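# Structural features, examined
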Amino acid sequence: ICEPIIINGEVVKLRGTFKDITDRKIPEITQKIQYNIANAVVKVKSIDELYEIVRSELTALFDTTNFLVAFYNEQTDMLKAPYRKDEKDNILEWSADKSLTGYVIKEKKSLLLYKDDIFNLAEAGIIKLLGERAEVWIGVPLIIEDKAEGAIVIQNYESPKALDRHSMEVLEMIANQISIYIEKKRSEEIALKLKKGIEQNPISVVITDYDGNIEYVNPRFSEITGYTLSEAIGKNPRILNSGEHSEEFYNKLWDTIKSGKDWRGEFHDKKKNGELYWENAIISPIVNEDGKTTHF
């Protein structure tokens, strides 16, 4: 609240009262940061871009001059940092054994440590002292599919008050969002590899729903049968029926695959142009996480 002090028609002073609202503003800023980073998780094209956005956003709450993201290689017991900003250190690959970051990952828990805490861990033989000592150090594991695969680290070499427990809690929320992004990207990469594998397969591939309606055919199917993807989608594989197989033949096929088993056999089918052809086929059920058949 502020009011002017006026003398001879001129404002000569301002008198007022002020209230510290830092505790109220921090949750607002934290929420905004979470929103911005969650939005970035959906939109960014590269993980490096996400790291830079995370670091930039967090500066609204605390000093991120020294910011590190590292991943653990279980086979080599080494840590590698794809992203590191640090005033005192630029090492991008180091042993996880007896390192603070390795300790966070192997213990699968967050740590807020001050200089004395770090010395105590070293004296206990849990870690080795490497590089410059920070006044305050925070490490948070990156949990991907319930496994700690890496960590985010923030440290400050000047002031032990630069970071606190709230900083660690915010970093834990951000680590969760980065983990979600990594899982998403991995799933997309696997899906892309499978898609390319199916599309480039020299064998005809057809995917139907549970009732046998076609949802996908690969280029080889179109090449053999003459039916394009758009012509086949929504249709039943009976469009290939030559009329040479009995009803009993098809009933046995459906009974087999709907019981959860693979069916193997030969079809004498008919192409779009009416030409007959033989094919050796395997039809397999596709089941969901609950074990229920959803596609063939």
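Below: a short report on this structure. (Residues numbered from 1 in each chain as written. Predicted model: local features only at pLDDT ≥ 70, side-chain atom pairs only at ≥ 80, totals over all residues. Heavy atoms only, no water.)

## Here we look at the sheet that holds strand E3 (residues 66-73)
Taken together, the six strands give an open sheet; going across it, the order is E5-E4-E3-E8-E7-E6, and neighbouring strands pair in antiparallel fashion. A strand with exactly one partner marks an edge of an open sheet, and here the two such strands are strand E5 (93-95) and strand E6 (111-114). Strand-to-strand twist across the sheet, computed as the mean angle between neighbouring axes with direction ignored, equals 25°. Across three bridges, strand E4 (residues 78-85) lies against E5 in antiparallel orientation. Across the sheet, Leu79 pairs through a bridge with Trp94, a residue of E5. Those strands touched by helix H2 (residues 47-58) are E3, E4 and strand E8 (147-156), and its axis lies near 60° from that of E4. (Pairing = 2+ DSSP bridges. Helix = DSSP H or I, 4+ residues; strand = E, 2+ residues; numbered from the N terminus. Axes fitted to C-alpha atoms, helices over the stretch in contact; angles between N-to-C directions. Contact = heavy atoms within 4.5 Å.)

## Some details on the layout of surface pockets
In this structure, the largest pocket occupies an estimated 1,000 Å³ of space. Along the wall of the largest pocket there are 36 residues; nearest its centre are Val206, Pro237, Phe267, Ala281 and Ile283. Among the elements that take part in the lining of the largest pocket, strand E12 (residues 276-283) stands out by supplying six residues, more than any other. Its boundaries defined by the atoms lining it, the second largest pocket holds a volume of some 420 Å³. The wall of the second largest pocket is formed by 21 residues, among which Arg84, Asp89, Leu130, Gly131 and Arg133 lie closest to the centre. When residues of the lining of the second largest pocket are traced back to their parent elements, those giving at least two are helix H3 (100-107) and E8. Residue classes in the lining of the second largest pocket are distributed as twelve nonpolar, four polar and five charged. (1 Å grid on protein atoms, 1.4 Å probe; cavity = no way out; pocket = protein on both sides within 12 Å on 5 of 7 lines; lining within 4 Å. Points joined across faces, edges and corners; volume = space filled by probe spheres on them. Nonpolar A, V, L, I, M, F, W, Y, C, P; charged D, E, K, R; others polar.)

## Looking at H2
Over its twelve residues, H2 extends 17 Å from the first C-alpha to the last, a length consistent with the 16 Å expected when each residue adds 1.5 Å. Of all the residues in H2, the buried ones are Leu50, Tyr51, Val54, Arg55 and Leu58. On an axial view of H2, the arc spanned by its buried residues comes to 135°, and they lie on one face. (Expected span 1.5 Å × (residues − 1). Buried < 20%, exposed > 50% of the residue type's maximum accessible area, 1.4 Å probe, protein only. Arc of directions from axis to C-beta.)

## Section: the pairing of E8
Burial within E8 is extensive, with nine of its ten residues counted as buried. Relative to E8, E3 is paired through six bridges, and the arrangement is antiparallel. Considered in E8, the bridge of Phe71 is made with Gly150. Sheet topology note: the strand E7 (residues 136-144)/E8 ladder contains nine bridges and is antiparallel. Of the residues in E8, the one forming a bridge with Ile143 is Ala148.

## Some words on the pattern of salt bridges
Evaluated as defined, the whole model comprises 13 salt bridges. Here Lys185 ties to Glu188 by a salt bridge, and the two come within 3.4 Å at their closest N and O atoms. Here Glu188 and Lys185 lie together in helix H5 (residues 165-199), a separation of three residues that amounts to about one turn. With relative accessibility at 38%, the residue Glu188 sits in the partly exposed group. Here the residues in one salt-bridge network are Lys184, Lys185 and Glu188, joined through shared partners. (Salt bridge = Lys/Arg side-chain N within 4 Å of Asp/Glu carboxyl O.)

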